[in-house]
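Report on the structure
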Amino acid sequence: MENKKTLFSAVQPSGILTIGNYLGALKNFKKLQDDYNSIFALADLHTLTVRQEPENLRKNTYELTALYLACGLDPERSIIFAQSHVPMHAELTWILNTVTYPGELSRMTQFKDKSIKHVDNVNMALMDYPVLMASDILLYQADLVPVGADQKQHLELTRDLAERFNNRFGETFIVPEPYISGSAARIMSLTEPDHKMSKSDANLNAFISMNDEPSVIVKKFKRAVTDSDNKIIVSPEKPGITNLINIYAAFTEKTVSDVEKEFEGKMYGEFKVAVGEAVAEVIEPIRQEKIKLLSDKSYLDSVLKSGADRAKYLAGKTLSKVYKKVGLVPPVRG
Ligand code: AQP
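Residues numbered from 1 in each chain as written. Predicted model: local features only at pLDDT ≥ 70, side-chain atom pairs only at ≥ 80, totals over all residues. Heavy atoms only, no water.

Considerations on the site of the ligand
Every one of the 21 residues lining the ligand counts as a neighbour, but Ser-14, Asp-150, Ser-198, Lys-199 and Ser-200 are closest to it. Within the side chain of Asp-150, an N or O atom sits 2.5 Å from an oxygen atom of the ligand. Take Ser-198: an N or O atom from its side chain is 2.6 Å from an oxygen atom of the ligand. Computed on the free molecule, the ligand has an accessible area of 650 Å², of which 97% lies beneath the protein chains in the complex. Of the residues that constitute the shell around the ligand, the class distribution is seven nonpolar, nine polar and five charged. (Near = heavy atom within 4 Å. Polar contact = N/O pair within 3.5 Å; in protein donor to acceptor, adjacent residues only side chain to side chain. Areas by Shrake-Rupley, 256 points an atom, 1.4 Å probe, with all protein chains shown as cover. Nonpolar A, V, L, I, M, F, W, Y, C, P; charged D, E, K, R; others polar.)

Some remarks on the packing of aromatic side chains
Two aromatic rings, taken as a pair, are described by how far apart their centres are and by the angle between their planes. As enumerated under the stated definition, the model contains 11 aromatic pairs in all. For the pair Phe-8 and Tyr-140, a centre-to-centre distance of 5.6 Å together with 5° between the ring planes defines the contact as stacked. One end of the pair, Phe-8, is in strand E1 (residues 6-11); the other, Tyr-140, is in the loop between helix H7 (124-139) and strand E4 (144-146), with 132 residues separating them in the sequence. Grouped by ring-pair contacts, the aromatic residues Phe-8, Phe-81 and Tyr-140 constitute a single cluster. A cation sits over an aromatic face here: Lys-297 above Tyr-62, 5.1 Å from the ring centre. (Phe/Tyr/Trp six-rings, centres within 6.5 Å; stacked < 30°, edge-to-face > 60°. Helix = DSSP H or I, 4+ residues; strand = E, 2+ residues; numbered from the N terminus. Lys NZ or Arg CZ within 6 Å of the ring centre and 35° of its normal.)

As for the pattern of salt bridges
This structure, assessed with the given rule, holds 18 salt bridges. Notably, a salt bridge pairs Asp-74 with Arg-77, separated by 3.1 Å at the nearest N-O pair. Here Asp-74 falls in the partly exposed class, since its relative accessible area comes to 22%. With a closest N to O distance of 4.0 Å, Lys-231 and Asp-229 form a salt bridge. Via salt bridges that share partners, Asp-227, Asp-229, Lys-231 and Lys-238 belong to a single interconnected network. (Salt bridge = Lys/Arg side-chain N within 4 Å of Asp/Glu carboxyl O. Buried < 20%, exposed > 50% of the residue type's maximum accessible area, 1.4 Å probe, protein only.)

Let's talk about the side chain of Glu-104
With respect to the secondary-structure elements, Glu-104 resides in helix H5 (residues 102-106). Engagement of the side chain of Glu-104 in a polar contact is seen with the backbone nitrogen of Tyr-101, the distance being 3.0 Å. A polar side-chain atom of Glu-104 sits 2.7 Å from a polar atom in the side chain of Arg-164. Excluding its chain neighbours within four sequence positions, the residues that come into contact with Glu-104 are Val-99, Leu-157, Leu-161 and Arg-164. (Contact = heavy atoms within 4.5 Å.)

Given below as structure tokens:
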């Protein structure tokens, strides 16, 4: 590892990613990988906290590997791996569970939301999700964690657990900082703009998937829920239009106030088409590149294998330190 700070982030292969995941996470990864020792995981163990079709989970894992690469992650410079290939994530979770209280997990917004959404499957792992996430981050002694705003609460818990462990057993973990990117950090649903855009939404019109073709993207934006007045401005009373302005600004790299000026006096219909076209222009080359990459599974397997080997080395070092601190007898080798 070079003498740089360390960055860790992960995405769940729980479906085809949306432009929310792209803007909140992936878009920043490419920019950040040059400045940090970067580690990007596919959080497949997290995905199991809600019911998955096993075949789909495998397919989505390859999709996400290809998407990471298509978005510009370089497997030589960054470590790209599947969480389930590095057993230390589950092992550290066990240890961190011993310093986590049920009350702090049952209070988490994501746990409460997902418990309502998956009322027939409120399992222990769903509640323990933030502890596995803390393990992901702390294993690599990450300084920085780029996430969307929805993950901020989990990151605060990670910091609490790191500090609690350090206080009880002596300096062990770096306490990580979140990296949350401005107005694109919380992209909202196109059909219910007071809910966040999610890849597992049952309504396909609620999100733009990274697999949507340009014509579909434009069509979905044309149908996006807005209000009845025709002013293209950011306002808490106008969540639909505010969301579209944030999306347009993020995809065109403009400021929100520049976008408001650009569309002053224009009609919603015209603006929606402009948003769709701006998004499609960025997404389409990524989609094409991903299709190419997906045709070579053995290459994707080799990326995940070399990533897991490098991740295991780093994770093993932290886990040994943790085991020693808590008083476990190291196994006799050989
Ligand atoms: N709507 C969003 N706006 C901005 N960022 C977002 N992220 C998720 N939704 C938005 C960020 O994307 C990264 C990967 O997320 P994840 O797959 O680990 O889990 P998630 O936050 O639960 O994302 P989804 O799309 O809502 O997945 P499902 O539907 O499976 O629960 C994270 O950095 C997240 O903040």
